[in-house]
Amino acid sequence: MAKTALIVDDSGVFLRMLESTLWALDYEVTEASDGQEALEKARLQHFDLVLTDQNMPRMDGVELIKGLRTLLSYRNVPILMITTETSDELKAQAKEAGATGWLHKPTNPGKLLEILSKIPSSDAS
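Residues numbered from 1 in each chain as written. Predicted model: local features only at pLDDT ≥ 70, side-chain atom pairs only at ≥ 80, totals over all residues. Heavy atoms only, no water.

Caption draft 1: Seen up close, the side chain of Thr-21. You can see Thr-21 is positioned in helix α1 (residues 12-24). The exposure class of Thr-21 is buried, given its relative accessible area of 4%. From its side chain, Thr-21 meets the backbone oxygen of Met-17 in a polar contact 2.9 Å long. Those residues in contact with Thr-21 that sit more than four places away from it in its chain are Pro-109, Leu-112 and Leu-113. (Helix = DSSP H or I, 4+ residues; strand = E, 2+ residues; numbered from the N terminus. Buried < 20%, exposed > 50% of the residue type's maximum accessible area, 1.4 Å probe, protein only. Polar contact = N/O pair within 3.5 Å; in protein donor to acceptor, adjacent residues only side chain to side chain. Contact = heavy atoms within 4.5 Å.)

Below, the structure is given as structure tokens:
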């Protein structure tokens, strides 16, 4: 069974980069353009990995992470925040919400692959 990833960002260009990087790791990829759409998709399908931006319309990344962590099937799923934000306060909020890790934009596929190789897989399905 293929691994699945949910990628969340309001930038189509960044979604394409994430998608092609994850395809190289044999992930089946689903996209969402904001946190609200992502949470709706996560309630309908289980994903093995979630990558989210912070600044998006309707629901930001921290709120998305909080919402996902309330779902039993997402308690152990790796969730990475990928954003231009650098605030230590925001990083602390993301960690408290349940983010597994943080990566700064712009990032390159090699750096993303390196980070993903260090994150344990979800044990919940």
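Having seen it, we continue.
Caption draft 2: Highlighting α1. Counted at 1.5 Å a residue, the expected span for α1 with its 13 residues is 18 Å, and the 19 Å between its end C-alpha atoms agrees. Considered for burial, the residues of α1 that qualify are Phe-14, Leu-15, Met-17, Leu-18, Glu-19, Thr-21 and Leu-22. Residues of α1 that are buried in the fold lie against β1 (3-8), β2 (27-32), β3 (49-52), β4 (79-83) and α5 (109-118). Positive backbone phi, approximately 65°, marks Asp-26, located one or two places after α1. (Expected span 1.5 Å × (residues − 1).)

Caption draft 3: Molecular detail of the packing of helix α3 (residues 61-69) against helix α4 (residues 88-97). Between α3 and α4, whose axes approach to 8 Å, the crossing angle comes to 15°. What the angle tells us is that α3 and α4 run roughly parallel. The two elements α3 and α4 cross, and the hand of that crossing is left-handed. On α4, the residues touching Val-62, Ile-65, Lys-66 and Arg-69 of α3 are Leu-90, Gln-93, Ala-94 and Ala-97. Looking at the contact of α3 with α4, its residues break down into 5 nonpolar, 1 polar and 2 charged. (Axes fitted to C-alpha atoms, helices over the stretch in contact; angles between N-to-C directions. Parallel < 35°, antiparallel > 145°, perpendicular 65-115°, else oblique. Left-handed = near helix turned anticlockwise from the far one by under 90°. Nonpolar A, V, L, I, M, F, W, Y, C, P; charged D, E, K, R; others polar.)

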